[in-house]
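Analysis of the macromolecular model
These are the residues of each chain, in order.
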Amino acid sequence: MLEKLREYYKKGVTLSYDFRISALDKLEASILCNYNDLVKAFKNDYNKCEFDVVNTEILLVLKEIRYFRNNLHKLMSPRRVSTSII
């Protein structure tokens, strides 16, 4: 399976803007669809109450997804970076 994933990555499919936006949308939808299961899992594994899970896990990730969706063009644009001789 790992080899299949490597081959898929090497094809460059994951590099396009559309693919990345789609992946972010799917991730967001998955989090929202599985909200109750996520809360339950954090309660079982870490004894976190729903308020803590929502504020420290779910909303934080959703906010990051939205940031990347809104700034993806800028983040994907080529830019020069300096490197030290070391």
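Below is a short write-up of the structure. Please read all numbers here as calculations on a predicted model, not as lab measurements. (Residues numbered from 1 in each chain as written. Predicted model: local features only at pLDDT ≥ 70, side-chain atom pairs only at ≥ 80, totals over all residues. Heavy atoms only, no water.)

**Section: the overall build of the protein chain**
The helix and strand tally for the protein chain stands at four helices and zero strands. Along the chain direction, N to C, the helices and strands of the protein chain fall in the order α-α-α-α. Taking 86 residues into account, the globule formula puts the C-alpha radius of gyration at 12 Å, and the protein chain, at 18 Å, lies well above it. Projected onto its principal axes, the C-alpha coordinates of the protein chain cover approximately 45 × 35 × 30 Å. Counting over 86 residues, the protein chain shows a buried share of 15%. The long-range share in the protein chain, meaning contacts at least 24 apart out of those at least 6 apart in sequence, stands at 53%. Accessible surface computed for the protein chain: about 7500 Å², of which carbon and sulfur atoms make up 58%. Taken as two groups, the 15 positive and 11 negative side-chain charges of the protein chain have centres that lie 7 Å from each other. (Helix = DSSP H or I, 4+ residues; strand = E, 2+ residues; numbered from the N terminus. Rg over C-alpha atoms; globule rule 2.2 N^0.38 Å. Buried < 20%, exposed > 50% of the residue type's maximum accessible area, 1.4 Å probe, protein only. Contact = heavy atoms within 4.5 Å. Areas by Shrake-Rupley, 256 points an atom, 1.4 Å probe, with all protein chains shown as cover. Lys, Arg positive; Asp, Glu negative; His and termini not counted. Charge placed at Lys NZ, Arg CZ, Asp CG, Glu CD.)

**Side note on unusual backbone geometry**
A positive phi is found at Asn-47, a non-glycine position, where the angle reads about 60 degrees. Mapped onto the fold, Asn-47 is located in the loop between helix H3 (35-46) and helix H4 (50-76).

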